[in-house]
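Here are the chains, one letter per residue:
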Amino acid sequence: MQIYWIQAQAPRRVLALVKHLGIEAEFIEMDLMAGALRRPEYAAINPNMKVPTLVDGDYHLWESSAIMAYLCVKAGSDMWPADTREQIEVLRWLSWNDCHWAPAVAPYYFEHIVKSTFGIGPPDAGELAGKEKAFDRYAAVLDTHLRDREQVACGRLTIADFQLASMAAYWKAAGMPMAPYPRIVAWLDGLMRLPAWADPWPDGRADPA
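Residues numbered from 1 in each chain as written. Predicted model: local features only at pLDDT ≥ 70, side-chain atom pairs only at ≥ 80, totals over all residues. Heavy atoms only, no water.

### Re the sheet that holds strand β3 (residues 53–56)
The pairing of strands in a sheet happens through backbone hydrogen bonds and is either parallel or antiparallel.
Right, so step 1: Reading across from one edge, β2-β1-β3-β4 is the order of the 4 strands in this open sheet, with mixed pairing throughout. A strand with exactly one partner marks an edge of an open sheet, and here the two such strands are β2 (26–29) and β4 (59–62). When the angles between neighbouring strand axes are averaged without regard to direction, this sheet yields 20°.
Right, so step 2: One ladder, built from 4 bridges, connects strand β1 (residues 2–5) with β2; its direction is parallel. The residue bridging Gln2 from the neighbouring strand is Glu26, located in β2.
Right, so step 3: Of the strands in this sheet, β3 and β4 are in contact with helix α3 (residues 64–75), which crosses β4 at around 130°. (Pairing = 2+ DSSP bridges. Helix = DSSP H or I, 4+ residues; strand = E, 2+ residues; numbered from the N terminus. Axes fitted to C-alpha atoms, helices over the stretch in contact; angles between N-to-C directions. Contact = heavy atoms within 4.5 Å.)

Written as structure tokens, this is what we have:
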């Protein structure tokens, strides 16, 4: 099994899951700035020309949530549930992340983390003007949901936690306005107690800061 990655939020959750589940894989880091994702041989396995991508024999899979579900099935982990209703519950939060939460946190993540990681300029405060409204709207939903639970779905750790937490894990460095949402902060702090989540990168490098 090969997993193609760069140091970014979508690969982070897949890499953390691989480490958490103890799955053997070859990790292939792509040079984003050198155009590695646009090369024809890579586009042949992921036409989106993004990462992560999983190759398992002749099976090619892209989109991090699908890859995480596949890895759980392969490892026999209930982080992707076998029960149908639990699957739907996890899917609800994966969808909520992609449609609402990720777009709300992404501007902060891009300006403060992506730019510094790939050397593409300093944060632009003007790009964040007005973004707090969407952040507050969806942070309030998640914080309320976490009022009487420690994980997002099914009463235990699932791939929904890794999906929702990936960009928000950098909330301090990214300047996300998280002060009114202590339950989200507690949930993120709890995930950081998982060794694989706190140290997901194959070469042991530090998280971007």
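### Topic: the pattern of salt bridges
Right, so step 1: Across all of its chains, the model carries 11 salt bridges by this definition.
Right, so step 2: Its salt-bridge partner being Arg205, residue Glu29 comes within 2.7 Å of it at the nearest N-O pair. Taken together, the positions of Glu29 in strand β2 and Arg205 in the segment after α9 (195–198) put the pair 176 residues apart, joining distant regions of the chain.
Right, so step 3: By relative accessible area, Glu29 is classed as partly exposed at 40%.
Right, so step 4: We classify Arg205 as partly exposed; its relative accessible area is 25%.
Right, so step 5: For Glu111, the salt bridge goes to Lys115, with nearest N and O atoms at 2.8 Å. Of this pair, Glu111 and Lys115 are both found in helix α4 (residues 84–118), 4 residues apart, which corresponds to roughly one turn of the helix. Note on accessibility: Glu111 and Lys115 belong to one class, buried. (Salt bridge = Lys/Arg side-chain N within 4 Å of Asp/Glu carboxyl O. Buried < 20%, exposed > 50% of the residue type's maximum accessible area, 1.4 Å probe, protein only.)

### Here we look at helix α8 (residues 182–191)
An α-helical turn contains 3.6 residues, so any two residues separated by three or four positions project in the same direction.
Right, so step 1: Every buried residue belonging to α8 is among Ile184, Val185, Trp187, Leu188 and Leu191, and all of these are buried. Mapping the buried residues of α8 onto a view down its axis gives an arc of 160°, with all of them on the same face.
Right, so step 2: Close packing links the buried residues of α8 with α4, α6 (132–145), α7 (159–168) and α9. (Arc of directions from axis to C-beta.)

### Here's the deal with the layout of surface pockets
Right, so step 1: By volume, the largest pocket amounts to about 620 Å³.
Right, so step 2: Looking at the largest pocket, it is lined by 29 residues, and the ones nearest its centre are Gln9, Ala10, Pro11, Lys50 and Val51.
Right, so step 3: Elements represented by at least two residues in the lining of the largest pocket include exactly α1 (9–21), α3, α4 and α7. (1 Å grid on protein atoms, 1.4 Å probe; cavity = no way out; pocket = protein on both sides within 12 Å on 5 of 7 lines; lining within 4 Å. Points joined across faces, edges and corners; volume = space filled by probe spheres on them.)

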